[in-house]
Protein chains: 2
Amino acid sequence: MLSSPAPANRPRQQLEGIRVVDLTRILAGPFCTLHLADLGAEVIKIEPPEGDPIRAQGHGHAGLSWYFAAFNRNKRSVRLDLRSPGGMAALRKLIATADVVVDNFRPDVMEHMGLDWTTLQTLSPGLIHTSINGFGETGPYAQRPSFDFIAQAMSGFMSLNGNAQTGPLRTGVPISDLVAGTYAALGTVAALVRRGQTGEGERVSTSLVDGLMSMGAFFASNFLATGELPQANGNDHGLVAPYGLFSAADGEIAIAPSNDGVYFKLLKALNLSHLKDDARFASNALRVQHRAEINAQINDALRSHSRAHWIDVLNAAGVPAGTVQTLAGAYADPQVHHQQMVMDVEHPGHGTVKMLGFPIKFTQSPCEVRLPAPDLGADTQAVLRELGYDDEQIRQLNTSQETTS
Amino acid sequence: MLSSPAPANRPRQQLEGIRVVDLTRILAGPFCTLHLADLGAEVIKIEPPEGDPIRAQGHGHAGLSWYFAAFNRNKRSVRLDLRSPGGMAALRKLIATADVVVDNFRPDVMEHMGLDWTTLQTLSPGLIHTSINGFGETGPYAQRPSFDFIAQAMSGFMSLNGNAQTGPLRTGVPISDLVAGTYAALGTVAALVRRGQTGEGERVSTSLVDGLMSMGAFFASNFLATGELPQANGNDHGLVAPYGLFSAADGEIAIAPSNDGVYFKLLKALNLSHLKDDARFASNALRVQHRAEINAQINDALRSHSRAHWIDVLNAAGVPAGTVQTLAGAYADPQVHHQQMVMDVEHPGHGTVKMLGFPIKFTQSPCEVRLPAPDLGADTQAVLRELGYDDEQIRQLNTSQETTS
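Not measured: the values here are computed from a predicted model.

This paragraph deals with the overall build of chain A. Within chain A, the secondary structure is distributed over 17 helices and 14 strands. Its C-alpha atoms give chain A principal-axis dimensions of roughly 85 × 45 × 40 Å. For chain A, the residues scored as buried account for 55% of the 405 residues in total. Long-range contacts, defined here as pairs at least 24 residues apart, represent 68% of the contacts in chain A between residues at least 6 apart.

Structure follows, in structure tokens:
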């Protein structure tokens, strides 16, 4: 726990010495514990005999799913059959050594497992128990099965994507899982700060729907203030013009002037300053009304040079501009390279795995890959021994697992 | 700071006693400090004489932007002209009392203001300084102006949205700002945990692009493993069928069976169990190949009843299903109501403001609105007095602000 010293050769990480028992699988839960692990916590991933289903999903090399590898770096793996009394007994012993337990079961599964709040606090006084679910821990939909697509649909998030032709469109990535996992990490770490002051444990939860709802930004407040539903505007900005994708000589370029000042900089950079006096474009409201005309003027001006030219010129002029990159483009981008957002990680026995880097940068104690993603049950023996199990008992636990799986 | 006691009538909040000096404006930064404020920190928002530009944006009532109100609840406001020596002197005194400083200036602006890391640590030993920027603190694009649309485009995030007809499509909400703000909060709170152990300060930063990049999920790992670019699939799932929007008697319904087990439950609930033996649909891979045919079968079955009927039946059967809700539908939803995700908050002088609720739930010390969003400079006098300014000095500071604004 917190008393363990940092190795002498590097600064103490943010969550170093915090032990997390991780009962999650698939995506939202493992993304939460990935954050905790990247921040330095010891995350012990409890896997069923057959392993986290993600081990069998996604592409990879040398018997390793790179999806699994990316979401489970910096974690340890203990293989435990929680359907067996022996497995549950070992889990309870492990929880007694933990600071945090994270689950993404449906609400009340932990209680059915005999791991209600009171029991957890008895096992480990001051424990933080964090849960991620679909719709919230209580309420009429609490027991519904959940999935990212449904959360995007139910939360209103999808209704803001797409355009008049497409109707509501899902965001491509499973954004509700990723947001809920991040909120669960934030809530957990905040509860650790409180525990540092009070010694008290905390019950933290978040849901796929609540997480996305909290991201309504000005769409939410404007709808609540006026009762008028926002329109999905594709790549246009509903309230700003010019804004969106334009055509340079060799392809599309994204330009986003956020206010009149930046709009004037755009006109100057494009040699269009005479449009400042054009009555049709005298205000943002008028430009929204004459969007097609102002866009045509800008496209005419852009057509003379390449995207690369304009991106340099516009950014130097203070106008946000960039290309629409594929993943290939983004991952080869010099800035992305500089930020180390794609990393090579050695996985002994599985070769070098490429994965995304750390979005949060710390100067004093940067995140790092201390451990590659574990093989299934790689740490079972070490962790059970630490809990007082002898080799024979560990063998028996493993045997009973093999018969039930 | 941390020694201040919690009021006797409620449990101590997670970040109670933490003082945050908030130099941010607009969206990403204020979303970070909103999280810190909702978790109980004392957030002192430093506003220029003319105020955060968001005060003048979005709809509202009685002279208050509800967008501003939602993003600035639980904060205090100090009006300070940082272009004047007196304003900067007051800021330095205030930072000397702070645990955290947050900015969303372009990289190196803090240094130009004389607030480099060494100076900040001298002013307040152990201070955590958190920055949010567009592309990262260093690297070839570090000085570029940034904006959500550009971050969505450059990061590859947009390339995963939309479908073959639309091409890359922005996600409607300014997701890069919201994600970066949340990561900045997570990094800040993690640094507070570390400071609790070591007493040391930390320099935390994140960027709009790095935040979105970290959310590539399986698209990222599959691309990195294979070199094959993912396709944007609209509301279909590239790797799963059936999945997406289907037609009940009175409109569309979202259905997302994640694996064969759930697919069989769907067939049973729709009285289509005979399709289990249909060779065209014998595996997920075959169903992806025959997506149109399996979707037609499902649509035929759904057409007999309403969405409400099927949502009950399918969820009871363990199949994730829901409607695509507008914001009006989502905000009126009984589950959303139960989760208190839309709240009424009294703003003296501005009436009752509706705003989104708290996505992270704590059982022991729940988030609450302690303070409505402040009027511009509402806390200037109280905070400056606490710093030792007398009434005459405060009057002079205010006068100099009025002449420079």
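Residues and elements named next belong to chain B. Spatially, three strands are ordered S9-S10-S11 in an open sheet, and the strand pairing comes out antiparallel. Either end of the sheet is taken by a strand with one partner, and the two such strands are strand S9 (244-248) and strand S11 (321-322). Sheet topology places S9 next to strand S10 (residues 251-255); five bridges connect them, and they run antiparallel. By the bridge assignment, Gly244 is partnered in S10 with Ile255. Helix-sheet contacts for helix H12 (residues 291-302) involve S9 and S10, and the interaxial angle to S9 is about 35°.

To continue, consider the relation of the copies chain A and chain B. Taken together, a rotation about one axis and a shift along it account for how the two chain copies relate. Overlaying chain A on chain B yields an RMSD of 0.0 Å, the required transformation being a rotation through 180° with an accompanying axial translation of 0.0 Å. Seen this way, the second copy is the image of the first under a two-fold rotation axis. Closest approach to the rotation axis among the C-alpha atoms of chain A is made by Leu186(A), whose C-alpha sits 2.5 Å away.

Let us now look at the domain arrangement of chain A. Split by domain assignment, chain A resolves into domain 1 (19-215 + 340-404) and domain 2 (244-329). Between domain 1 of chain A and domain 2 of chain A, the C-alpha centre-to-centre distance is 44 Å.

Turning our eyes to something else, we now look at the confidence of the model for chain A. Scored by pLDDT, chain A has a mean of 94; 96% of the residues are at 70 or more. Here residues 1-6 of chain A is a poorly scored stretch, pLDDT under 50, and it has 10 contacts once near neighbours within four places are set aside; other chains count.

Here we come to the interface of chain A and chain B. Each partner contributes to the interface: chain A provides 119 residues, whereas chain B provides 119 residues. When residues of the side of chain A that touches chain B are assigned to their parent elements, the largest contribution, 16 residues, is made by helix H7 (residues 175-198) of chain A.

The next subject is the nonpolar core. Grouped together as the largest cluster of nonpolar side chains are 244 residues, with contacts concentrated most on Val20(A), Val189(A), Ala254(A), Val20(B), Val189(B) and Ala254(B). In contact with Ala254(A), other than residues within four places in its own chain, are Leu245(A), Ala321(A), Gly322(A), Thr323(A), Val324(A), Phe149(B), Ile150(B) and Ala153(B).

Attention now goes to the packing of H7(A) against helix H7 (residues 175-198) of chain B. Running from N to C, H7(A) and H7(B) point in directions that differ by 25°, and their axes come no closer than 9 Å. Relative to H7(B), the element H7(A) lies roughly parallel. Considering how the two elements wind past one another, H7(A) and H7(B) form a crossing that is left-handed. Only Thr182(B), Ala185(B), Leu186(B), Val189(B), Ala190(B), Leu192(B), Val193(B) and Gly196(B) of H7(B) make contact with H7(A), whose side of the interface consists of Thr182(A), Ala185(A), Leu186(A), Val189(A), Ala190(A), Leu192(A), Val193(A) and Gly196(A).

Sheet architecture is open: seven strands sit in the order S14(A)-S8(B)-S7(B)-S6(B)-S1(B)-S2(B)-S5(B), paired in mixed fashion. Each end of this open sheet is capped by a strand with a single partner; those strands are strand S14 (361-362) of chain A together with strand S5 (75-79) of chain B. Where strand S2 (residues 42-47) of chain B lies against S5(B), five bridges are found, and the strand directions are parallel. Along S5(B), the bridge assignment pairs Ile46(B) with Val78(B). In the packing of helix H1 (residues 28-38) of chain B onto the sheet, the strands contacted are strand S1 (19-22), S2, S5, strand S6 (100-103) and strand S7 (128-133) of chain B, and the crossing angle to S6(B) comes to about 155°. Here H7(B) sits on the sheet and contacts S14 of chain A together with S6, S7 and strand S8 (202-207) of chain B; the angle it forms with S8(B), its principal contact strand, is near 165°.

Residues and elements named next belong to chain B. Going residue by residue along S1, you find Arg19 and Val21 tucked away on one face and Val20 and Asp22 tucked away on the opposite face as well. Bridge count between S1 and S2: four bridges; the pairing is parallel. Bridge pairing in S2 links Val20 to Val43. At this point the chain moves from S1, through H1, to the parallel S2, and the crossover so formed is right-handed. In this structure, S1 lies alongside S6, joined through three bridges in parallel fashion. Each bridged residue has a counterpart across the sheet, and for Asp22 the counterpart in S6 is Val102.

So, on to the pairing of strand S13 (residues 351-356) of chain B. Residue and element names in this part refer to chain B. By the bridge criterion, six bridges tie strand S12 (residues 342-347) to S13 in an arrangement that is antiparallel. Note on S13: the bridge partner recorded for Val342 is Leu356. Taken together, S12 and the strand that follows it, S13, pair antiparallel across an intervening segment of three residues, in which Gly349 is found at a positive phi of about 90°.

Moving on: unusual backbone geometry. All names here are of chain A. Note that the residue after Ala241, namely Pro242, is joined by a cis bond; omega there is -5°. Turning to its location among the elements, Pro242 is positioned in the loop between helix H9 (217-226) and strand S9 (244-248). Although it is not a glycine, Asn271 adopts a positive phi angle of roughly 60°. Within the fold, Asn271 resides in the loop between helix H10 (260-269) and helix H11 (284-289).

This brings us to the environment of Pro320(A). Structurally, Pro320(A) can be placed in the loop between helix H13 (307-316) and strand S11 (321-322). The class of Pro320(A) is buried, set by 24 C-beta atoms lying within 10 Å. Expressed as a C-alpha distance, the spacing of Pro320(A) and His129(A), which sit 191 residues apart in the sequence, is 43 Å. With residues up to four places along the chain from it excluded, the contact list for Pro320(A) reads Ala256(A), Pro145(B), Ser146(B), Phe147(B) and Ile150(B).

A word on helix H13 (residues 307-316) of chain B. Residue and element names in this part refer to chain B. Those residues of H13 that sit buried are Arg307, Trp310, Ile311 and Leu314. The buried residues of H13 all sit within an arc of 105° when viewed along its axis, so they share a single face. Looking at the packing, one finds that the buried side of H13 touches S9, S10, helix H10 (260-269), H12 and S11. Immediately downstream of H13, the backbone of Gly318 shows phi near 90°, a positive value.

All names here are of chain A. Within H10, burial applies to Val262, Tyr263, Leu266 and Leu267. What you see down the axis of H10 is that its buried residues fit within an arc of 145°, all on one side. Buried residues in H10 make contact with strand S10 (251-255) and H13. Remark: Asn271 follows H10 within two positions and exhibits a positive phi of approximately 60°.

All names here are of chain B. H7 packs onto H1 with a crossing angle of 45° between their chain directions and a minimal axis gap of 7 Å. Classified by the angle between their axes, H1 and H7 sit oblique to one another. In this structure, H1 crosses over H7, and the sense of that crossing is right-handed. Residue-level inspection shows Ala28, Gly29, Phe31, Cys32, His35 and Leu36 of H1 in contact with H7, the latter providing Asp177, Leu178, Ala180, Gly181, Thr182, Ala184, Ala185 and Thr188. The residue makeup of the contact of H1 with H7, split by class, is eight nonpolar, five polar and one charged.

The subject of this paragraph is the environment of Ile253(B). Residues and elements named next belong to chain B. Secondary-structure assignment places Ile253 in strand S10. Sequence separation between Ile253 and Val313 is 60 residues, and the spatial gap between their C-alpha atoms is 12 Å. Setting aside its immediate chain neighbours within four residues, Ile253 contacts Phe246, Ala248, Leu302, Arg307, Trp310, Ile311, Ala321 and Thr323.

Conventions we followed
Residues numbered from 1 in each chain as written. Chains lettered and ligands numbered in written order. Predicted model: local features only at pLDDT ≥ 70, side-chain atom pairs only at ≥ 80, totals over all residues. Helix = DSSP H or I, 4+ residues; strand = E, 2+ residues; numbered from the N terminus. Buried ≥ 20, exposed ≤ 12 C-beta atoms within 10 Å, placed from the backbone. Contact = placed C-beta atoms within 7 Å. Pairing = 2+ DSSP bridges. Axes fitted to C-alpha atoms, helices over the stretch in contact; angles between N-to-C directions. Least-squares fit on C-alpha atoms with pLDDT ≥ 70 in both. Domains from an automatic or database assignment. pLDDT = per-residue confidence, 0-100. Core = buried A, V, L, I, M, F, W, Y, C linked by C-beta atoms within 7 Å. Parallel < 35°, antiparallel > 145°, perpendicular 65-115°, else oblique. Left-handed = near helix turned anticlockwise from the far one by under 90°. Right-handed = clockwise from strand over helix to strand, strands pointing away. Arc of directions from axis to C-beta. Nonpolar A, V, L, I, M, F, W, Y, C, P; charged D, E, K, R; others polar.

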